[in-house]
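# Tertiary structure, described
Listed below, chain by chain, are the residues.
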Protein chains: 2
Amino acid sequence: MSQQPPDHRVSHNAVADALRALHKIFPDRVETDPAVCATHANTRTWIAAEPPDAVVQPQCTDDVVQIVRMAEKFKVPLIAFGGGTSLEGHVNAPLGGLSIDFSRMNRIVEINSRDLTARVEAGVTLAEFNAALQDCDVFFSVDPGAGTATLGGMAATRASGTNTVRYGTMRDNVMSLQAVMADSSVVETATAARKSSAGYDLTHLLVGSEGTLGLITALTVRLHPVPPASVVLVCGFPTVHDACEAVIDVLQSGVRPARIELLDAKMVGAVNLHSGTSVVEVPTLFVEFHGTSAEADAQKNRFLIAAEKHGLQETSEASEPARQNTLWQARHAAFDALKTAWPDKTVLATDVCVPLSQLSKCIEQAQRDIDRLGLTAPIVGHVGDGNFHVLPVFEISDADQRAAVDALLTCLVETALDLGGTCSGEHGIGQGKIAFLEREAGAGIAVMGKIKHALDPLYILNPGKVIRF
Amino acid sequence: MSQQPPDHRVSHNAVADALRALHKIFPDRVETDPAVCATHANTRTWIAAEPPDAVVQPQCTDDVVQIVRMAEKFKVPLIAFGGGTSLEGHVNAPLGGLSIDFSRMNRIVEINSRDLTARVEAGVTLAEFNAALQDCDVFFSVDPGAGTATLGGMAATRASGTNTVRYGTMRDNVMSLQAVMADSSVVETATAARKSSAGYDLTHLLVGSEGTLGLITALTVRLHPVPPASVVLVCGFPTVHDACEAVIDVLQSGVRPARIELLDAKMVGAVNLHSGTSVVEVPTLFVEFHGTSAEADAQKNRFLIAAEKHGLQETSEASEPARQNTLWQARHAAFDALKTAWPDKTVLATDVCVPLSQLSKCIEQAQRDIDRLGLTAPIVGHVGDGNFHVLPVFEISDADQRAAVDALLTCLVETALDLGGTCSGEHGIGQGKIAFLEREAGAGIAVMGKIKHALDPLYILNPGKVIRF
């Protein structure tokens, strides 16, 4: 147990040795061009970009094994890189090292519509996967809103999105993983059986481990039958509280919408401006129901009864796929909508998740904090799960505004934890939320640290993420 | 890393020292009476009973902390004991040590029907929990068929049962755990938020760890709204294959039955004899649908269409709760039914789980192996999950029959693994399936071993279960 986590940048010599060795094995798949390295650092948020020393592109699991052997030998950090869409600095290389770009491992190995499963390599993007499923009468439910996200990255960050309330997160939809561990062993974490009580749940240990415990190379995921019908409602409420209470009532009644998305009035305004929609600018739920046509309609009607009890003001309905798509594209473009509305500003996205009964309290406290700090920060949320995003729009060169945003992020997590929630519903920890995770997990941090040390004693896998060096 | 797993019984002196210390703290809650110790060993199967040296009954988490401190000091094994209903020798004490009987930790801390969650201590039994939920319009879905099972034990073994196809296993229904770790730290593995991407998934690491990584002291679980209506169908098919194909078709169509249970013809016969039902003795599905009355009926009709395609022979329907209860009680009494039919024989229950598309192949191979080995072994299964039980009925004093049963268990697992399945769908590993788990997990076993060593370096938590000494 003498090995300590490193806290210093890997030496130039070690990197050079590792690269020399890798060049021999993969002469044309190791890239040290600073421009390429820069695209493999955090580029999405205000967390400073920390590019790797090089980018290597494996084509198969055995390539990854060889990369890990090299990294182990020379003690060089390895940072898994999928679509680069993560938001908490997950892909940064604070100690230097190699970014493993999985984009060439993008084979869809099998789509099995009888078992409702698929096997994919880690670098398959969500858009590629959805395209392949187009004519199969099945769909993959996890939908973080970025088609360039890879399935491996989504598993590594335990991603979710709009469909979670009915279909679950990556936690619920990854059945098994193939991963290369820090000792270069290749592990398949489970079989293709739908359930198992055979041993420790390595699948769920790796899902959400952000590349710090093993490198995900392939996944078996669950698929769902395409529902024969779907109906989308857009419902305006007097207050966020009313909208949240309607959601609680409807879930208590046993209705299981496929999606329940909340947009606050400010976010509705920005979405209208960006996407050409004309939703009334009040706190609004976008709700989708799946089933047979009769089932979807019945659920919709039960939802409307609950909504009316809570002051439902405006309703419009979309049953045609084209109009439904327009609405969901508008919802998914929320981030871009803020960029359109405030073209010269920086937009950040953060998230927390609380028990449903505490959701309106949490959002209202966030809104008070936003006002108190003099900020603009629209809110959008997967409210069926108690999860919401706050998106501060600010002048990044203004130190006061930066400080105010920083204060807001802290207030938001403190409120969520005080209300029994978590510091991240779906964005993960990365570099950005390590201190918050420590506060949330308490004694659990030491357990996580022991697992990290046991499985990666040289701390070569994505050091500086999830837990401290 | 010098500490090695022990492979010898704990010394009499160490136990005596630990007991002396515990007697001082809990004068009236430490029991060494051999009769009491005997009831805390494996009593359910042919795995030989290995009683602990003593039984201690904590009343609160802090009591458990003190027990762990004592065990750590004197290096005495600790075996968590819930309802004693596990089937793979989980509660045995092969190295001696203390059984921690959680029966006094049976408080239901909170039932929160707005968040659809409950908080319970680990020793709450399923029957106690269900009784407390009776008038709350919510229910707990996991139903392994033993009311004396405790929620802590069910989490520790990743239990499931008849409702899994719609509502999931303990994996899906435990939101958070409180556990005392081997270093006596108390960990709460997650918050009460419905989803989180904050750090390693300690909840799922502990669910199914069979008391080898931490002692579960309390749980937050998901509840589900009581469906307004339910309908039960009993459907007979020409062959097991036909029944399985009907299940695949119906799940592919998006119908989500609450339960789909298969009984082979022999099992139907035994159930009729025991419970006074008069189900036609052919391969039979018991299927239950939940929803509004219209939804349940619509699902039933879609199921019948699929069933008719696959030779549906006999159908009867139960919509009244009383008749539904009779049917489910008959189904849950399958094990007892075999004891009634063969009063002088021993009955064992084992289980495997395979992908749905391989299920009929796996069951048919099992039936061929049963015949080849000259055994009687009815089959019953949670076939919506690909999980089934084989229940050999045999003369335990007959060495040949014992050997035949042993051969059957091995064949069954080999078939399941060859078909992409798991050696246990819901019974767990315990002592009985360690060799099978090794075969299934491959390189994953080393990962499990490292985690065990990291979290329990003295190997005091349930040694000899899940992984070898």
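Scroll up to find the structure.
Residues numbered from 1 in each chain as written. Chains lettered and ligands numbered in written order. Predicted model: local features only at pLDDT ≥ 70, side-chain atom pairs only at ≥ 80, totals over all residues. Heavy atoms only, no water.

Looking only at helices and strands, chain A features 17 helices and 20 strands. Taken over C-alpha atoms, the radius of gyration comes to 22 Å for chain A, in line with the 23 Å a tight globule of 469 residues would show. Overall size of chain A, expressed as C-alpha extent along the three principal axes, is 65 × 55 × 40 Å. Counting the 469 residues in chain A, one finds 64% classified as buried. For chain A, the share of sequence-separated contacts (at least 6 apart) that also reach a separation of at least 24 residues comes to 72%. When the 38 basic and 54 acidic side-chain charges of chain A are each reduced to a single mean position, those positions are 5 Å apart. (Helix = DSSP H or I, 4+ residues; strand = E, 2+ residues; numbered from the N terminus. Rg over C-alpha atoms; globule rule 2.2 N^0.38 Å. Buried < 20%, exposed > 50% of the residue type's maximum accessible area, 1.4 Å probe, protein only. Contact = heavy atoms within 4.5 Å. Lys, Arg positive; Asp, Glu negative; His and termini not counted. Charge placed at Lys NZ, Arg CZ, Asp CG, Glu CD.)

This next bit is on the pattern of salt bridges. Within the structure shown, the criterion is met by 44 salt bridges over all chains. Between Glu295 of chain A and Arg302 of chain B there is a salt bridge, with its nearest N and O atoms 3.8 Å apart. One end of the pair, Glu295 of chain A, is in helix α11 (residues 293–309); the other, Arg302 of chain B, is in helix α11 (residues 293–309), on a second chain. Overall, Glu295 of chain A belongs to the buried group, its relative accessible area being 13%. Taking the relative accessible area as the measure of exposure, Arg302 of chain B reaches 22% and is therefore partly exposed. Put simply, Asp143, Arg259 and Glu288 of chain A are held in one network by salt bridges that share partners. (Salt bridge = Lys/Arg side-chain N within 4 Å of Asp/Glu carboxyl O.)

What follows covers the side chain of Arg222 of chain A. One can find Arg222 of chain A in strand β10 (residues 214–222). The buried charged residue Arg222 of chain A lacks any salt bridge, with Asp172 of chain B as its nearest oppositely charged partner at 5.8 Å. In this structure the side chain of Arg222 of chain A is engaged in a polar contact, spanning 3.4 Å, whose partner is the backbone oxygen of Asp172 of chain A. (Polar contact = N/O pair within 3.5 Å; in protein donor to acceptor, adjacent residues only side chain to side chain.)

If you rotate chain A by 180° and push it 0.0 Å along the axis, it lands on chain B with an RMSD of 0.0 Å. Read as a symmetry element, the transformation amounts to a two-fold axis. A shared binding surface is used by both copies, with 99% of the interface residues of chain A retained as interface residues in chain B. (Least-squares fit on C-alpha atoms with pLDDT ≥ 70 in both.)

This part is about the interface of chain A and chain B. Tallying the contact residues gives 86 residues for chain A and 85 residues for chain B. For the pair chain A and chain B, the summed buried area comes to about 6,600 Å², and 57% of that belongs to carbon and sulfur atoms. By the criterion of area lost to chain B, the three top residues of chain A are Arg114, Lys195 and Tyr200 of chain A, representing 15% of everything that side buries. Applying the counting criterion to the chain A and chain B interface returns ten salt bridges. Linking chain A with chain B are 40 residue pairs in polar contact (both at pLDDT 80 or more). Listing elements by their share of the side of chain A that touches chain B, those giving two or more residues are α7 (170–173), β9 (186–188), α8 (202–206), α9 (240–252), α11, α16 (434–441) and α17 (444–455) of chain A. Among the elements that make up the side of chain A that touches chain B, the one with the highest residue count is α17 of chain A (eight residues). Across the side of chain A that touches chain B, the residue classes break down as 32 nonpolar, 33 polar and 21 charged. (Buried area = accessible area lost by both parts, 1.4 Å probe. Nonpolar A, V, L, I, M, F, W, Y, C, P; charged D, E, K, R; others polar.)

Once that is clear, we can look at α11 of chain B. With 17 residues, α11 of chain B ought to run about 24 Å at 1.5 Å a step, and its terminal C-alpha atoms sit 25 Å apart, in line with that. Considered for burial, the residues of α11 of chain B that qualify are Glu295, Ala296, Gln299, Lys300, Phe303, Leu304, Ala306 and Ala307 of chain B. Contacts made by the buried residues of α11 of chain B are with α11 of chain A together with α6 (164–167), β12 (229–236), α9 (240–252), β14 (284–291) and β15 (314–318) of chain B. (Expected span 1.5 Å × (residues − 1).)

Counted under the stated rule, the structure contains ten aromatic pairs over all chains. Both rings, one in Trp46 of chain A and one in Phe394 of chain A, keep their centres 5.4 Å apart while their planes meet at 80°; by these two values the pair is edge-to-face. One end of the pair, Trp46 of chain A, is in the loop between α2 (34–39) and β2 (54–56); the other, Phe394 of chain A, is in strand β20 (residues 393–394), and 348 residues separate them in sequence. Note on Phe394 of chain A: relative accessible area 0%, which makes it buried. Between the NZ or CZ atom of Arg259 of chain B and the centre of the ring of Trp328 of chain B, over which it lies, the distance is 4.4 Å. (Phe/Tyr/Trp six-rings, centres within 6.5 Å; stacked < 30°, edge-to-face > 60°. Lys NZ or Arg CZ within 6 Å of the ring centre and 35° of its normal.)

The next point concerns the sheet that holds strand β15 (residues 314–318) of chain A. By definition, the strands of a sheet pair up through backbone hydrogen bonds, in either a parallel or an antiparallel sense. Residue and element names in this part refer to chain A. Strand order in the open sheet formed by seven strands is β15-β12-β14-β13-β18-β19-β17, and the pairing between neighbours is antiparallel. The open sheet is flanked by β15 and β17 (350–353), the only strands paired with a single partner. In this sheet, adjacent strand axes meet at a mean angle of 20° when their direction is disregarded. Examined bridge by bridge, strand β12 (residues 229–236) and strand β14 (residues 284–291) share eight bridges and lie antiparallel to one another. Across the sheet, residue Val234 finds its bridge partner in β14, namely Phe286. Along the sheet face, α11 touches β12, β14 and β15 and points at about 150° away from the line of β14. Where helix α12 (residues 321–332) meets the sheet, its contacts fall on β12, β13 (259–263), β14, β15 and β18 (379–382), and the angle it forms with β12 comes to roughly 55°. (Pairing = 2+ DSSP bridges. Axes fitted to C-alpha atoms, helices over the stretch in contact; angles between N-to-C directions.)

On to the sheet that holds strand β3 (residues 78–81) of chain B, then. Residues and elements named next belong to chain B. Within the open sheet, the four strands sit side by side as β1-β2-β4-β3. Their pairing is mixed. On the outer flanks of this sheet lie β1 (30–31) and β3, each paired with one strand and no other. Relative to strand β4 (residues 98–101), strand β2 (residues 54–56) runs parallel, the two being bridged by three bridges. Across the sheet, residue Val56 finds its bridge partner in β4, namely Ile100.

Another point: the pairing of strand β5 (residues 108–112) of chain A. Sheet analysis places β5 of chain A next to strand β6 (residues 117–121) of chain A, joined by four bridges and oriented antiparallel. Across the sheet, the residue bridging to Ile111 of chain A is Ala118 of chain A, located in β6 of chain A.

This next bit is on the packing of α16 of chain A against α17 of chain A. All names here are of chain A. Two elements in contact, α16 and α17, have axes separated by 7 Å at closest approach and are oriented at 115°. Residues Leu437, Glu438 and Ala441 of α16 form the contact with α17, whose participating residues are Gly444, Ile445 and Met448. Split by residue class, the contact of α16 with α17 holds four nonpolar, one polar and one charged.

Take the side chain of His90 of chain B next. Residue and element names in this part refer to chain B. Within the secondary structure layout, His90 lies in the loop between β3 and β4. On the accessibility criterion, His90 (5% relative accessible area) is buried. Looking at His90, its side chain comes within polar contact range of the side chain of Ser86, at 3.3 Å. A distance of 3.5 Å separates the side chain of His90 from the backbone oxygen of His427, its partner in a polar contact. Sequence-distant contacts of His90, that is, excluding residues within four places in its chain, are made with Ile79, Thr157, Glu210, His427, Gly428, Ile429, Gly430, Asn462 and Lys465.

Moving on: the environment of Val36 of chain A. All names here are of chain A. Within the element layout of this structure, Val36 appears in helix α2. Spatially, the C-alpha atom of Val36 lies 17 Å from that of Ala16, the residues being 20 residues apart in sequence. Contacts of Val36, omitting those with residues within four sequence positions, involve Glu31 and Val55.

Bringing the state of the cysteines into the picture now. Residue and element names in this part refer to chain A. For the coordinates displayed, the defined rule picks out zero disulfides over all chains. The thiol of Cys235 is not disulfide-bonded; the next cysteine sulfur, from Cys244, is found 14 Å away. Assessed through its relative accessible area of 0%, Cys235 is described here as buried. Free of any disulfide, Cys353 has its nearest cysteine sulfur in Cys362, 9.3 Å distant. With relative accessibility at 0%, the residue Cys353 sits in the buried group. (Disulfide = S-S within 2.5 Å.)

The next thing to look at is the packing of α11 of chain A against α11 of chain B. The contact between α11 of chain A and α11 of chain B brings their axes to 11 Å, and the two run at 165°. By the angle between their directions, the pair α11 of chain A and α11 of chain B is classed as roughly antiparallel. Considering only the axes of α11 of chain A and α11 of chain B, their crossing is left-handed. Touching Glu295, Gln299 and Arg302 of chain A of α11 of chain A are Glu295, Gln299 and Arg302 of chain B, all from α11 of chain B. (Parallel < 35°, antiparallel > 145°, perpendicular 65-115°, else oblique. Left-handed = near helix turned anticlockwise from the far one by under 90°.)

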